[in-house]
Structure formats: structure tokens, C-alpha cells
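Read off the chains here:
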Amino acid sequence: MECVWKPDEQGLQQILQLLKESQSPDTSTQRSVQQRLEQLNQFPDFNNYLIFVLTKLKSEDEPTRSLSGLILKNNVKAHYQNFPTGVSDFIKRECLENIGDFSPLIRATVGILITTIASKGELQNWPELLPKLCLLLDSEDYNTCEGAFGALQKICEDSAEILDSDLLDRPLNVMIPKFLQFFKHSSPKIRSHAIACVNQFIISRTQALMLHIDSFIENLFALATDEEPEVRKNVCRALVMLLEVRLDRLLPQMHNIVEYMLQRTQDQDENVALEACEFWLTLAEQPVCKEVLCGHLSQLTPVLVNGMKYSEIDIIMLKGDIEEDEAIPDNEQDIRPRFHRSRTVAQQHEGDGIEDQEDDDDDELDDDDDTISDWNLRKCSAAALDVLANVFRDDLLLHLLPFLKELLFHPEWMVKESGILVLGAIAEGCMQGMIPYLPELIPHLIQCLSDKKALVRSITCWTLSRYAHWVVSQPPDIYLKPLMTELLKRILDSNKRVQEAACSAFATLEEEACTELVPYLAFILDTLVFAFNKYQHKNLLILYDAIGTLADSVGHHLNKPEYIQMLMPPLIQKWNQLKDEDKDLFPLLECLSSVATALQSGFLPYCEPVYQRCVNLVQKTLAQAMLYQSQPDQYEVPDKDFMIVALDLLSGLAEGLGGNIEQLVARSNILTLMYQCMQDKMPEVRQSSFALLGDLTKACFQHVKQCIADFMPILGTNLNPEFISVCNNATWAIGEISIQMGPEMQPYVAMVLHQLVEIINRPNTPKTLLENTAITIGRLGYVCPQEVAPMLQQFIRPWCTSLRNIRDNEEKDSAFRGMCTMITVNPGGVVQDFIFFCDAVASWVNPKEDLRDMFYKILHGFKNQVGEENWRRFSDQFPMPLKERLATFYGV
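Values in this document were obtained by computation on a predicted structure and should not be read as measured data.

**With respect to the overall build of the protein chain**
1) Next: Counting secondary structure elements, the protein chain contains 50 helices and zero strands.
2) Next: Structurally, the protein chain occupies a C-alpha span of about 100 × 70 × 65 Å along its principal axes.
3) Next: A burial count over the protein chain gives 57% of its 892 residues as buried.
4) Next: Of the contacts formed within the protein chain by residues at least 6 apart in sequence, a portion of 75% connects residues at least 24 apart.
5) Next: Accessible area of the protein chain: about 39,300 Å², with a carbon and sulfur share of 52%.

Written out as C-alpha cells, the structure is:
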């Protein structure tokens, strides 16, 4: 007979006292409780007391008992491997005996405790757990059944993978059929647990579930109209996941499922409606979407539009009735961490102002209500309409236009606001079909910018930014000027949400308009600088972005004494206020980086302190990283973002100041620091240090040159396309170094050439990386043709196809000179792919005179070599435009 553990009365009272104190709102009391709990952990049977209070001490109030269980759960998480066997056995036994406690709170706490023990690798060492819980499901007592199911649901959530492995002899083969039996249980809570358990195994396509997939789907349909919202929610969630995983099984029933989801998307319970609304988002990604939905668009469109209205709760949460809040300081918790996007070097293309960023983040749907729980029916409906607009394009408009006008001109502000959101959501997918209506709509939206409701003004900012591309394509006086004038007023709105939306929208407009904004610069800067003194913390960070984007968009046009006088003093004042540890430095440094690049020599008066501080930030971060590495328990992990942003600003300075940065580099240890950064474990640090290396190579090579022997091997090892941006910047830097080194590059070619040729031949390599790789191969061939030309045949074709689309510029020029030189050295290498070379040559609009001569010689040399007859047969394969261009420019 084993002796049963009994608590010591005095010890028990002491622990109860602690539990009571820990519910006090006073933080210092809580801190001392925390310390005493840590001390008690030294006693092996302390955890016995905690489980005793949870399961045996029924005289105590439930919150205290539950808290005791939660403290025990934290101890299990932290120290379970140190529990004596007697203690862990006692805890396990008590859990299983009390999973059916009559109190739902205690049952849930015991369930959490069980799954925590299970996920500490204890499923293997607690073999009776799953069989016992499954047995308890059959109990006549509701509490026992519900408690066991609650625990099983948590275990399925936390340990799905291990449940489906051989380690446990595949318990799911028994559990899943068992769960399916409970779909028809009389209690809604139990039905809901049963679906939730099975749902954990859909996405992973678990074998045990796939065997029963038809019976699972059948059971789901049986529960489709359950009176319990939690059950309906879990049914919707299951169907959404099955859409991704077992579409084949749903297709025969698809018509009915779509009809059902249409009803559920209008469910009285918002949680059910939100789950159902996800169905449209997921369906839009499936190739069958068009076919499945085309007959339902007329029903679905109004349902989604209706879901885009703010609910009463949203408006209370958003403080939508408070119109003026600009004087109220921000709550620091609301300010999201910003992520710095490190510098990537990209080429400019024909017909666009700047390389379109593949990860454009300004298309996030309706960023304007961050403060409500992040994902809600409004956002989900808007996102669904956005993706469906991209699938159905203008066909969607047939169903929208009839009531869109009514929404947009509706007297009730909440309806009108949802109409404006709809208009923004479809902007990308339905742009072509919307064009005829824009001359009427854009002026109406510009009027809505001065609506008396702040929530209407803020959404209008966003929607207008989605049509910025069209606005900019029209004569500026018609739409651009009035839009800009009104947006600038909104940047100075008395409502913070409107300020934020206007600032973001203005940044998008700047990207689209570029130099179209030059005539209005004084006016724009006036507003942005005025906002500096008006904004609270959060919006200041967005204002930096708007200023940085302006500098990127207008470039050297910003370099006028009167503009510099307006812009620099407030920026430098902020710069001096911020401490080195302040994360607000990130957006400010990014902004200054753009400004320095745009102002060029105009930035000279400010460059020295800015340069010094950046070098210090890099040095400090590296030093802290060294300390942390040698004594992790003594020092904190450094935040390397400080170093990344500082490296990027140094790149901006080097690019803007050019040769003027030489003195600063000479007087600092930046190259030594870069040598460390280029070997950092964190890819973003390497990415930014290679960008800086390229920029310093262009600006003051005399200082970089003495380090080339150290830098080149590191560059070679970073030509790894797994880290796209690191690889891209390293490639670009090698190209810049080649141009400066000339024939002295010869010893280093072997370190990099094979990797570059491999990258240019890889399938699915991103465009930017392909272009930079081609340019660098060309540049290496320009300075060391004897080393590179022998490999010509291995890269000529991808080289030509990747460079035909980029604009005439210095980089393209040097790359093509390299190609011509290599062809002269190894003409045989190009014979088979000569048509690609012809096409690439024809992509030049106006090459420099001597480069044109090189092209001429190669084309005519080839033609003479093969003879008139063969050349005619060869050139007959050319598309017409190519034939004409070569005839016009090169007479072949």
C-alpha cells in the first residue's frame, strides 16, 4: 500500500496566503510574490502543494485554485525534468482523477496542465494518458466527458506531429474514428470539441484522417446548421482547410458548399461570419475559383460589400466619435515595431521610373484600423473582394457598379465609408474597367477628403492612393494638383488617424508622381515641416517615411538652398535629441539616407556628425555582440538593426557625396568594421555591408584597394542564392570592384566566376539578381577577357536575355563592352546563340559611338563569315522589329 502524500497545514496556509497576494493589483506586491515563488521552487514537494490546492482543496474559491494550477503549469514548463518521480506521478494521477471537476474553470486548468506535461516529451512516458482520456469520453457524466475532450483538444493542438508518428504506435488510428462518433453528441460543447480535435489534422494531410475523409465531410454537412455558433465556426474552419487540402472531395458538393458559405458569411455571430469569409480568400487562390464562383458572383458581391461596413463595436473601439485627438499623446504600446528593409541594389528598366519592389507593402488592404483586433470581418471581406477582383477582373464590376454609386453618395456616413473602401479594394483588379468612371469619381473622392467624419476622411486617403497611378497619368492640373492640395491639408488634420492615412497615401503618390512633384516642392516641404511640430510620436515615424520617399522621388531637384534650409534643421534637431539606444533612429536614419542621396553636395555641411555617429553605432553594436558571444549570461543580445540602418545611411552618404566622403573614410576605421560586418552571422548585416562596399568602391577606391585581398574571398563565399539579397549585393560589389581594379582583378576571377555562371543558369532566379549577375560577368570579362571568355558558351544565352530589358546606363555599357571583348577572344563561344546576341544589341536605344562600332564589327564579321546566303536564312528567323532595328542601325 503506497502512502499518500499529505500537506503540512502551516505550509499550506503560507502558500494560500501567497496565492491571495498574487491577485493584488499592486506591482510591488506581485514582484515580492514572484521572488517567494522562485524560492519555494527549491523545495521538491512545493509542486505537490500546488496540485493539492487545484484538485483537492474544494473549500477554496475557484480563481485561487485555478491560479495554483497555472503556477504549477509554469513550473512544469521551466523545471519538469528536475521533478522527483514521486512528485510527477502524484501530479499526473491527480490530473486524471480531476479532469471531470464540476467547475469549468478547474477542468480547463487541469486540461492545460495535462497538455503542458504531455508536450514536455511526456506523451511517450505517460502511456496511459491517451487511452484513459479516450475512455473518459464515454463517461455518462457530462463534466468528465467535457473535461477529457477539452484536454484532448489542447493535446491535439500542441502535439499534432508526434500523435501522427510511429513513436506512439499511431494512436490517431483509434482517436479519429472515436472523435467522429461525437459529432452527433447531444451537447454543443462536446460537438465543438470533437470537430476542433479533428481539424488539427487537416492541413498536415494526416493519414488516419484521410482514410475517414468521406465520413468526416458527411458529418460536417450534418452539423452545417447547428444552433451552437462555436460548432458552426468549427465547421466553416474545417471546410476552409479542406479547400486547400482535399478540394477533390469537396468538388462534387461545391454548389451547396458555396450556398452554405454565403449564408454563414452573413451569420449573426461575427466569429462564424469571419471564419466563413476566409473561404472566399482561400477559394480565390484555387485554379477552379472562376469556374466555381462565376454563377454566384451576383449573390456573393453584396454579401462581401455588406461585411465591409464598420460594426457598432468597431466604432466604439476605434473611438470613431472622437474627431479631434491630435493633442493627446500616443499610448506607447500602440506603436508597432518597424522593420528596416535593408538596401538592395537594383537596375532601372525601360518604361518605369524605378525597379518595382516585388514586396510592395503599400497594397496592404486598409491599414487604417490597426487598433481593432487585427483581423475582423471588415478586413477579411475587403481582402476577399480584392483577391476576387484580381481573379474576375472587370466581370466583377457588372455586379458591383449597380449599387456602388448608391453607396458612394449615401447620406449615412457608415454606408458611404464602406463604399469608399470597396472602391479602394477593387482598384488593382478592376482598374481597366474603372477608368471610364474615374473622371467623375476622383473629384468626388477629393471632396470626401473634407468630410466631417474622420473615419471617412482616413479611408478616402487610402482609396485615392490606390488610384494614384491613374491620377499621375492625366494632365497634372486636372487631378494631381487638387489631390495633392487636399492631401497636404489632411496631413495637417486634427485627427491622428487621418494624419497617418494621409501621410501614407502621400508617400504612395510621391512614388507614382516622381519628378511631376518638382513644381510644388516648396508647398509640399512647407506642410511636411509644419507637421514636425504638430505630430505625436507614432505619426512622426510615418512622416519620416513621407520625407524619405519625397527625396527618392524628386532626387537632385531637392538640392536648392531654400529647400535645404526648410528641411534640414528639423531633421537635425530630432537627430540630436535621440539617444543611440532609441529605436526611433531607424526611420530617421532611413529618411536621412534618402535625403543625403538626393541632396548630394548639398548635404556636405551636415555630413561629418552624421558619418561619425553611424560609424559609432556600427562599432558599438559589434562590440556588444562580441561581449554577448563571450559571456551570454552577463550581457544582452545586441539589436543589430542599429548597425544595419547605420551601414545603409553610410551607403546613402557615399552615393550622395561621392568623392567628398574620401576625407571622412580616411579618418575613420570603417573598413576594419566592414570586414567584421561582412562576416556577420545575420544575412541583413552582410547585405548592407556589401552595398556599402560597392558604394565606397565607387566613391573612394584608393581606401578600399588595400583591403581587396581580404574582401574578395568573403565576397566569393557569399555568392549563395539561398540568401537572395546578400548574393545580389555581393555580386554588384564584385562588378564595381572589377571596374576599379582593371587587369589587376586577374588573381581574383577564379574565386567568383564559377558561382556567377551557376547563378545565371539557375531556374527561378529573381530578375534583379539575374541582371546584376550578368552585369558583373560582363565587367569581369571587360577587365580580364582571357580568364572569362573561355566560358562564354556557358552563359551567353541567359546573359543576353537578362540584359535586354534594362535601360541604357553606365553599368549596361561596361557589361556589353566586356561581352564584345570576350567575343573577340572566343568567337566560337557565341555562334550557336548568335540570335540572342543580336536581340540584346537591338535593345540599346543609343549606345556610345565606340560601343556602336564594336557591335557593328561583330555583326558584320559574323555575316561575312557565314556568307550572304546563310545570313539571309539566319536573319529570316528574326521577328520583324528586330530585323528592322538591325537593318536601320547596323546595316545588316
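Read on for the rest.
**Describing the pattern of salt bridges**
1) Next: On inspection of all chains with the given rule, the structure shows 47 salt bridges.
2) Next: The shortest N-O distance in the salt bridge between Asp248 and Arg249 comes to 3.9 Å.
3) Next: Residue classification places Arg249 among the partly exposed positions, given a relative accessible area of 34%.
4) Next: We note a salt bridge from Asp833 to Arg797, for which the minimum N-O separation is 3.2 Å. Of this pair, Asp833 sits in the loop between α46 (810–825) and α47 (834–842) while Arg797 sits in helix α45 (residues 792–803), and the two are 36 residues apart along the sequence.
5) Next: Salt bridges here are not isolated pairs; linked through shared partners, they connect Asp214, Arg246, Asp248 and Arg249.

**A word on unusual backbone geometry**
1) Next: With phi around 50°, Arg205 is a residue other than glycine that occupies positive phi space.
2) Next: On the secondary structure map, Arg205 appears in the loop between α11 (188–199) and α12 (207–211).
3) Next: Overall, the relative accessible area of 49% leaves Arg205 in the partly exposed class.

**What to know about the nonpolar core**
1) Next: If you look at the biggest cluster of nonpolar residues, it comprises 314 residues, and the most contacted ones within it are Trp280 and Phe603.
2) Next: Here this core takes eleven residues from helix α35 (residues 641–657), the largest share from any one element.
3) Next: Leave out the neighbours within four places in its chain, and Phe603 touches Met568, Leu592, Val595, Ala596, Val610, Leu653 and Leu657.

**Concerning the state of the cysteines**
1) Next: Inspection of the entire model under this criterion finds zero disulfides.
2) Next: This cysteine, Cys156, is not joined by any disulfide, and Cys197 carries the nearest cysteine sulfur, 4.2 Å off.
3) Next: A residue is classified by how much of its surface remains accessible, and Cys156, at 0% relative accessible area, is buried.
4) Next: Sulfur of Cys514: no disulfide; nearest cysteine sulfur belongs to Cys591 and is 17 Å away.

**Description of the packing of helix α7 (residues 129–136) against helix α8 (residues 142–158)**
When two helices pack together, their arrangement is given by the angle between the helix axes and by the axis-to-axis distance.
1) Next: With their axes 8 Å apart at the nearest point, α7 and α8 run at an angle of 140° to one another. As judged from the angle between their axes, α7 and α8 are oblique. α8 is crossed by α7, and the crossing has left-handed handedness. Across the interface between the two elements, Leu129, Leu130, Leu133, Cys134 and Leu136 from α7 touch Thr144, Cys145, Ala148, Ala151, Leu152 and Ile155 from α8.
2) Next: The residue makeup of the contact of α7 with α8, split by class, is ten nonpolar, one polar and no charged.

Parameters and conventions
Residues numbered from 1 in each chain as written. Predicted model: local features only at pLDDT ≥ 70, side-chain atom pairs only at ≥ 80, totals over all residues. Heavy atoms only, no water. Helix = DSSP H or I, 4+ residues; strand = E, 2+ residues; numbered from the N terminus. Buried < 20%, exposed > 50% of the residue type's maximum accessible area, 1.4 Å probe, protein only. Contact = heavy atoms within 4.5 Å. Areas by Shrake-Rupley, 256 points an atom, 1.4 Å probe, with all protein chains shown as cover. Salt bridge = Lys/Arg side-chain N within 4 Å of Asp/Glu carboxyl O. Core = buried A, V, L, I, M, F, W, Y, C linked by side-chain atoms within 4.5 Å. Disulfide = S-S within 2.5 Å. Axes fitted to C-alpha atoms, helices over the stretch in contact; angles between N-to-C directions. Parallel < 35°, antiparallel > 145°, perpendicular 65-115°, else oblique. Left-handed = near helix turned anticlockwise from the far one by under 90°. Nonpolar A, V, L, I, M, F, W, Y, C, P; charged D, E, K, R; others polar.

Read these as spatial facts, not as claims about activity.
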